[in-house]
Each structure stands twice: as C-alpha cells, then as structure tokens.
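Tertiary structure, described
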Amino acid sequence: MRVTDAPWIRAARGALLLGDDGRARPTIFAEMSALAAATGALNLGQGFPDEDGPAEVLEEARAAIASGINQYPPGLGMPVLREAVSSHQSRFYGLEVDPDREVLVTAGATEALAATLLAFVDRGDEVVTLEPVYDSYAAVIALAAGRHVPVPLTAPDFRADPDALRAAVTDRTRIILLNSPHNPTGAMLDPAFLDLAIELAHRHDALVVTDEVYEHLVFDGRRHVPAATRPGAHGRVISISSAGKTFSTTGWKIGWITAAPELRDAVLAVKQFLTYVNGAPFQPAVARGLALPDSYFLDAASTLQHKRDLLSDGLRAAGFTVSRPSGSYFVIADAAPLGITDAERFCRLLPELAGVVGVPLTAFVHPDRRAPYRSSVRFAFCKRVEVLEEAARRLADATL
C-alpha cells in the first residue's frame, strides 16, 4: 500500500488537511499571514494580540524560570495551576471542581480538544459541531476517523437552530462539540440551547464538549454561561479553556479541561502520549492570572468591545455589512454590498487593494456548504487601537 493510500491520509484529505498529492496544505491562517508579511499589510486575519498581557503574569513566568522551574511538571499539571483553575470555576460560575481528580492541564485548548476527541471517538462515530467551524475541529475528527456532522449557523446573527441540533444528534453521535463564544462568528449560545445539547447527550449516550477559550471576552453586558453549570451536566460535559486569549499569551499554550474523574482520566490517557507535559514556568504565571481581581477581567472585555466597535465602524464606512459579535476576537463583514461574490479571491487581493488582511469565512465551512457564506470575511480586532484605526483608514480610502 502506498503511503498516500493509508486510511488516515484519506481521512485527512477529506478534512481539507491534504492536497490530492498527499502533501500537507498550509492553513488559511498561515497563507494569509505570509501574504501580510510579503505585502506589508496589516494582519487582521489571525487571532493573536499584538500587545503583552498583564505585567504581573509575565513577571511570574520570569520568576519561575529564574527559580529553576524549567523541567517536566507533573503529568496532570502543576498543583498551583490546577488549584487556580478549580478556584476560578467556583469564583465565576459556582462550580465545585476537585483540583486533583477533575482538572487536567494541556498544551493549550488545541491539545485539550485533540486529546478529548482521540480519547472518545472511534472509527465511524459522529461528532456534531456548529458550522462555520474552527478548522482544527474537522482536522482532529478526521484523525480520529470520526464522521463530522455540522449544524449550520445562519447569517447575519449566526444563531444556532435547536431543531437543526435535534436532527443532527442520533444514536451514532459520540460528541456534541460546542464553542461559545464562537470562533469565527463571535456568536454565543443561550442556556436553553446548552440544556438541549445536554438532554440530547443523555438521550443518545453522547458527551458534550465545550470550547470556552473566549469565556471572559464577552460584550454588551452579557455573561458567559458554561454548559457545566446546567442541569444534568455532571458526567456528560467536558469543559475546555485556556489562558492565551484571556491574558494575551497565545504563545504560551497553557490550557485545561475540567470534567468528572472518569472523563478526565480518559483524556489524560491520550494527552500523556501527545505532549506528555508542557510549559512548566508558564503554569504558575497562569495561576497568578486566574487570581487577578474582577477589574482585570471586566477591563479586558471592555477594552476589546471598544476595539470591536472601532473596527466595525471602519468596515461599515468602507461599505461592508457588519455583524455584531457578542464575544471573541472576531467580526464578520459581508462584502456583498461591494459587489464581491468570492471572498477567497477577495481576501487574496485585499492586501494589495487596501493593505489589510482578512480571512474568508468559507475557510471555516466544507466546500459543499459554502454558498451562504461566499461573500463574508472574518477580521480580528484583538490588535492595538492605532492598528485598527489605520486599518479603518486604509479600507475607507481603498477602491474595493
């Protein structure tokens, strides 16, 4: 058998990870970031901040390195961070989480998701997601040999349809994978939708896995509601979050899961053969961050909301129709009023036209289902104010 005929290669090609020649494709984020570097355009395509996080968190990492915390940490994660995660869940959501039995530190939320899916998904099992969908979900589902079942989010508000979820979840479903606040659309799931997902998980013997990395970055007076707080959640919900977005430390890759002990241990069994452990000096620093006063978390959300509004106003002035995200780093701008019908081609031209980089929303949708999103672009507003002001000026001055 040729390598390119191997089952995992075929699965990966189905998830758009590989080309027809079996070679790895660059992600859309890598492609657009390279385009930004080559043209000098402002990169609003990839979701990383261009400012450092809180000084006390950074200093804690420096102190940890200086004091010799540079070797393998415990496999579950350092006790100081597991205890901080437990305290965080209690403080913000009223959840009682055992730091020794129900918390696992991971190499960011990405590894947490990968380890969870690899732990629970067998060949042919179905994983339900919301689409548009963050690209790593489809990739890991493919690597686990699962079947991806999307539930569409409909523009312009990208609300999840309960009836569509009911139709998608069957006895073949192993995981209902929810992301709120949602990447790429910034939509948030309401408690009733979470309740339905948990009800369906019980009915069909499935799990609910939640990606909550933007949990503190919510706007307009809204509050994040974890699925783990809803009735029937215990033993059915695996919650995933990370430090990168909340503390502007995306390069540290410190994440965690919280779940009932038997679920946590199943994920640990996989995680220990992926990265084994990760980021020793960053773990006490993240613990320090999770203990920051409420004012830090409120200010972080308020600052980002202002940036959302700044970029959104600029996009509207340039002629786009703009969504109003309730959370996350991202805003969706529809270029149809500008006569654009192919967002992919438009995004490849935008650096030359306006000196700005975005990502086509179709990159988050399977090719067979891209029609409703064909003119939409995702822009990241997690940048310095002066960068967003310049981006708005460039877009307004460009001939699009």
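Details of the structure are given in the entry above.
Predicted model only: the values in this text are computed from it and were never measured. Numbers given for residues are sequential positions, taken from 1 along each chain in its written order. Given that this is a predicted model, residues contribute local features only at a pLDDT of at least 70 and side-chain atom pairs are listed and counted only at 80 or more, while totals for whole chains, interfaces and linings are drawn from all residues. To obtain the side-chain values, all non-hydrogen atoms of the structure were used and water was disregarded.

Among buried residues, those of type Ala, Val, Leu, Ile, Met, Phe, Trp, Tyr and Cys that are joined through side-chain atoms within 4.5 Å constitute a nonpolar core. Whether a residue is buried, partly exposed or exposed follows from its accessible area with a 1.4 Å probe, protein chains only, as a fraction of its type maximum: under 20%, in between, or over 50%, in that order. Judged by nonpolar contacts, the single largest core of 100 residues is most densely connected at Leu 165, Ile 175, Ile 176, Leu 178, Leu 315, Phe 320 and Phe 379. Residue contacts for Ile 175: discarding those within four places in its chain leaves Thr 116, Leu 117, Phe 120, Val 121, Glu 126, Val 127, Val 128, Ala 206, Leu 207 and Val 209. Ranked by size, the runner-up nonpolar core spans 24 residues in total, among them Leu 58, Ala 84, Val 85 and Tyr 296. Contacts are assigned to residue pairs with any non-hydrogen atoms lying within 4.5 Å of each other.

Moving on: unusual backbone geometry. Residue Pro 132 is bonded to the preceding Glu 131 through a cis peptide linkage, with omega at 10°. Residue Asn 183 is joined to Pro 184 through a cis peptide bond whose omega torsion reads 25°. Each helix is a run of H or I in the DSSP string that is no shorter than four residues. Each strand is a run of E no shorter than two, and both are numbered from the N terminus. Secondary-structure assignment places Pro 184 in the loop between β6 (173-179) and α8 (191-204). Residues other than glycine seldom take positive phi values, yet Asp 205 does so here, at roughly 55°. Its place among the elements puts Asp 205 in the loop between α8 and β7 (207-211). The phi dihedral of Lys 253 is positive, around 55°, even though this residue is not glycine. Looking at the element boundaries, Lys 253 is found in the loop between β8 (237-242) and β9 (255-258). By relative accessible area, Lys 253 is classed as partly exposed at 36%.

Space inside and on the surface of the protein is sampled on a 1 Å grid over the protein atoms alone, with a cavity defined as a set of points where a 1.4 Å probe fits but cannot get out and a pocket as an open set with protein on both sides within 12 Å along at least 5 of 7 lines; lining residues have an atom within 4 Å of a point. Grid points are joined across faces, edges and corners, and a volume is the space filled by probe spheres set on the points. The volume enclosed by the second largest pocket comes to roughly 590 Å³. Elements that contribute at least two residues to the lining of the second largest pocket include exactly α5 (108-120) and α6 (135-143). Looking at the lining of the second largest pocket residue by residue, the class counts come to eleven nonpolar, twelve polar and five charged. In this count, Pro and Cys sit with the nonpolar residues alongside Ala, Val, Leu, Ile, Met, Phe, Trp and Tyr, while Asp, Glu, Lys and Arg are called charged and the others, Gly among them, polar.

Before going further, it helps to spend a moment on the side chain of Arg 82. Inspection of the secondary structure puts Arg 82 in helix α4 (residues 79-93). Polar contacts, as counted here, are pairs of nitrogen or oxygen atoms within 3.5 Å of one another; within protein the pair requires one atom able to donate a hydrogen and one able to accept it, and residues that are adjacent in sequence qualify only if both atoms are side-chain atoms. A distance of 2.9 Å separates the side chain of Arg 82 from the backbone oxygen of Gly 77, its partner in a polar contact. Leave out the neighbours within four places in its chain, and Arg 82 touches Leu 76, Gly 77, Pro 99, Asp 100, Val 103 and Val 105.

Its location among the elements puts Thr 341 in the loop between β11 (330-334) and α12 (343-354). Between the C-alpha atom of Thr 341 and that of Tyr 373, which follows or precedes it by 32 residues, the distance is 9.4 Å.

Moving on: the pairing of β8. Within β8, six of the six residues are buried, which leaves it mostly tucked inside the rest of the structure. Residues Val 237, Ser 239 and Ser 241 of β8 are buried on one face, and the alternating residues Ile 238, Ile 240 and Ser 242, pointing to the opposite face, are buried as well. By this definition, two strands are paired if DSSP reports at least two bridges between them. Across four bridges, the pairing between β8 and β9 is antiparallel. Bridged to Ser 241 within β9 is Trp 256.

It is worth spelling out the sheet that holds β8 at this point. With respect to topology, eight strands assemble into an open sheet ordered β2-β9-β8-β7-β6-β3-β4-β5, the strand pairing being mixed. Taken across any chain shown, the strands that pair with only one partner, and hence form the sheet edges, are β2 (103-106) and β5 (159-160). Where β2 lies against β9, four bridges are found, and the strand directions are antiparallel. Across the sheet, residue Leu 104 finds its bridge partner in β9, namely Ile 257.

Bringing the pairing of strand β3 (residues 126-131) into the picture now. With six of six residues buried, β3 lies mostly within the body of the structure. Burial along β3 is two-sided: the residues Glu 126, Val 128 and Leu 130 and Val 127, Thr 129 and Glu 131 are all buried. With six bridges connecting them, β3 and strand β4 (residues 147-154) associate as parallel partners. Looking at the pairing, Val 127 lines up with His 148 of β4.

The next subject is the pattern of salt bridges. Salt bridges are counted wherever a side-chain nitrogen of Lys or Arg sits within 4 Å of a carboxyl oxygen of Asp or Glu. Tallied over the entire structure, the rule returns 27 salt bridges. Asp 50 is the partner of Arg 384 in a salt bridge, and the nearest nitrogen-oxygen pair spans 3.3 Å. Highlighted residues: Arg 384 in the loop between β14 (376-380) and α13 (385-397) and Asp 50 in the loop between β1 (42-43) and α3 (55-66), separated in sequence by 334 residues. Using a relative accessible area of 29% as the deciding quantity, one classes Asp 50 as partly exposed. With its nearest N and O atoms 2.6 Å apart, the salt bridge here joins Asp 294 to Arg 91. Here Asp 294, found in helix α11 (residues 294-317), pairs with Arg 91, found in helix α4; they are 203 residues apart in sequence, far enough to count as distant. Overall, Asp 294 belongs to the partly exposed group, its relative accessible area being 45%. Where salt bridges share partners, they join Glu 31, Glu 344, Arg 348 and Arg 370 into one cluster.

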